[in-house]
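One letter stands for each residue in the lines below.
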Amino acid sequence: MERTHTCGELRGSDVGEQVVLMGWVAKKRDFGVFTFIDLRDREGVTQVVVSEETAEQAHAKAKNIRGEFVIAIKGNVVARDENARNTKLATGDIEVKVSELLVLNDAAVPPFQLEVAGSENLAAEDTRLKYRYLDLRRPQLQHNIRTRAKAVKAIREYFDTQGFIEIETPILLKSTPEGARDFIVPSRIHTGKFFALPQSPQILKQITMIAGFDKYYQIARCFRDEDLRADRQPEFTQLDMEMSFVNREQVYREMEGMFNHVMKTVGNIDLPSEWPRMTYAEAMRRFGSDKPDLRFGMELQDLSEDLKDTDFAPFADTLGKGGEIKCIVVKGKADYSRKQTDELQEFVKRYGASALAWIKVPVRTGSDSDSAPTSSLMKVLGEETIGRLIKTSGAVEGDAVLIVAGRKSVVAASLGALRQEVARRENLIDRTKYECLIVTEFPMFEHDEETDEYVAAHHPFTSPMDEDLEMFKTAVNNPSQKHLLGKVRAKAYDAVINGYECAGGSIRIHQKDIQALNFQALGLSPEKARERFGFFLDALEYGTPPHGGFAAGIERTCMILCGTENIRDVMAFPKTASAQDLMMDSPGEVDAAQLDELGVKVVE
RNA sequence: GGAGCCGUAGUUCAGUUGGUUAGAACGCCAGCCUGUCACGUUGGAGGUCGCGGGUUCGAGCCCCGUCGGCUCCGCCA
């Protein structure tokens, strides 16, 4: 028997055809003298019917089949009666009247039911991860994995069309202590030495520019030995690209072009040909986030000016230390209960906020006392100040104002997260919308409070902005001016869609003197720099073109295309939150002989 | 490294204030059934209440520890 059709393609126009279908038994409905089987393959489901009267042998075999048996059937496509059509199935206008049935393979009873109504009834995720091959048979995951394949294809199409060359870089390379923790691989030939898996092909892609390829791209697997999150796995895939002789705008155009092509061809999603631009500073000020979700408003408002003369010690203290007091306004939520505001307070505390203050502006009714604003700050600030804060916040009748005071970083982190959390709880996010943004002018350095050191915000090869170059030089050459490093902006940028950082990149440093300056700023002596990046510093000596690029997260892009918030939904074989593979039970131990050969000893 | 939620039949869940024999639905097994598509119907099997300890006359329920899953903070140049 040779398959003639898939289980998703037969239609009314095929009535009368003799067909052969092969697939898995999704469902069996036994009526004694005849049996319905829903046959499933990757393309869909087709109902086939086996009758004792017309196909005695096939009917006898059908008696013994169960869910997930693999079968082949031969039969005629027949039209269903008007009232027997199934509008839920693409193939619901027809069914196949079976003449022959072959059991290609039986199947053990699955450890969980694949066919359940509603995702909330799915088996627990650890069970599904252990039997990933069964979970992957579910139409939802089949769809997601195919969407991912389409996205990768669209990316290749785009860059190929734009004249980029796909270049593979090694998976076994050298550990550099910067950034994320490396996965390391012991070398047998060089006992006691180790390769590292790439966190990203950063340096190598820059070297392709030095090597003159001009436009490089790669679908690159990356590895980072860090803790996981709903959108982070220890190994993941990036679109990595780099181009020579370009400025930032030219890179932005490629980011826009690539995302627009992928979103359109894979998801039929239209994004603007030129994306909005916003500086990092503005994003942090207005949204408390460097990856703001623009599908809803609720921007942060600054109340610091109204409170600059306050006696209330916590606020006065905050402002005295250079902190700020900001708020968001939640529309129509003046009826937040004590329990709800307590929950939100617990929420912001995770981000280091010491408290969440609130003002509720009730809807005006007949009596004045019912209409007066209430606030957790009423006693300490008084009616007049509260009134001023309401005015500044822009709150109107019926609204709630949620206020956080503290260090700028804490206020941004907590209110930024609160804004997202409230939007989620109050259903303010339009799931049909796609809001994209390019965030520009990221800071060059981040200040480490504990060590008082400055570390690269992006990576140590990122170019400072021309406007800030003098400040950069001053800060590096005068230890007393070191704090200026915190103000230097970089030619670094992110692409943000619906609050997800989908891509990030920068224009790189191509002059060796500025690169040296940057290592100095990062507290890396010339000797240390040479030890770690010597080959790269050498390469910079031999005519490096100005260049820049970006890397895009394939998984995050696919999460948006698939409408899921979980990275495991767009990976065929993901790991758990504790970085294990429950199907193959990795990581695992290795033989003592293997370790011996590698010169590796496990210490208890 | 830290925090929160969850863990009861193969699966999803219920299980009152600590009280006798731990339930339901789906799935599974055996029958019946001529139009189902969440088929219907009759009967049946199926439990280390994650694991270990404690409190108690008595623990699925309370306490301590531990393991696993998910989520978050730290971390992720």
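Predicted model, so just to flag it, every value in this text is computed and none were measured.

Caption draft 1: Quick look at the pairing of strand E20 (residues 492-497). Across the six residues that make up E20, a large majority, six, are buried. Neither face of E20 is open: one carries Ala492, Asp494 and Val496, the other Tyr493, Ala495 and Ile497, and all of them are buried. Here six bridges tie E20 to strand E21 (residues 500-507), and the two strands are oriented antiparallel to one another. By the bridge assignment, Asp494 is partnered in E21 with Gly504. Between the end of E20 and the start of E21, which pair antiparallel, lie two residues, with Asn498 showing a positive phi angle near 50°.

Caption draft 2: Seen up close, the protein's contact with RNA strand B. In the neighbourhood of RNA strand B, 51 residues make up the surrounding shell, with Ala84, Gln113, Ala124, Ala456 and His458 lying closest. A breakdown of the atoms of RNA strand B within 4 Å of the protein gives sugar and phosphate a share of 57%. One nitrogen or oxygen atom from the side chain of Arg568 is found 3.0 Å from a sugar or linking oxygen belonging to RNA strand B. Put simply, the parts of the chain that give the surface near RNA strand B at least two residues each are strand E1 (18-30), strand E2 (34-41) and helix H2 (125-130). Per-element tally for the surface near RNA strand B: the top contributor is E1, with three residues.

Caption draft 3: Geometry of the nonpolar core. Within the largest apolar cluster, 44 residues are counted, with the highest numbers of intra-cluster contacts made by Phe159, Leu239, Met258, Phe259 and Phe550. Those residues in contact with Phe159 that sit more than four places away from it in its chain are Phe164, Tyr217, Leu239, Met241, Met258 and Phe550.

Caption draft 4: How the structure looks around the side chain of Thr462. In this fold, Thr462 is placed in the loop between strand E19 (453-456) and helix H13 (469-477). For Thr462, a relative accessible area of 2% puts it in the buried group. Within the local environment of Thr462, its side chain forms a polar contact with the backbone oxygen of His459, the two atoms lying 2.9 Å apart. Once residues within four sequence positions are removed from consideration, Thr462 is found in contact with Met444, Ala490, Lys491, Ala492, Ser506, Ile507, Ile509 and Asn518.

What counts, and at which threshold
- Residues numbered from 1 in each chain as written.
- Chains lettered and ligands numbered in written order.
- Predicted model: local features only at pLDDT ≥ 70, side-chain atom pairs only at ≥ 80, totals over all residues.
- Heavy atoms only, no water.
- Buried < 20%, exposed > 50% of the residue type's maximum accessible area, 1.4 Å probe, protein only.
- Helix = DSSP H or I, 4+ residues; strand = E, 2+ residues; numbered from the N terminus.
- Pairing = 2+ DSSP bridges.
- Near = heavy atom within 4 Å.
- Polar contact = N/O pair within 3.5 Å; in protein donor to acceptor, adjacent residues only side chain to side chain.
- Core = buried A, V, L, I, M, F, W, Y, C linked by side-chain atoms within 4.5 Å.
- Contact = heavy atoms within 4.5 Å.

In short, the description is geometric, and any link to function would need to be established separately.
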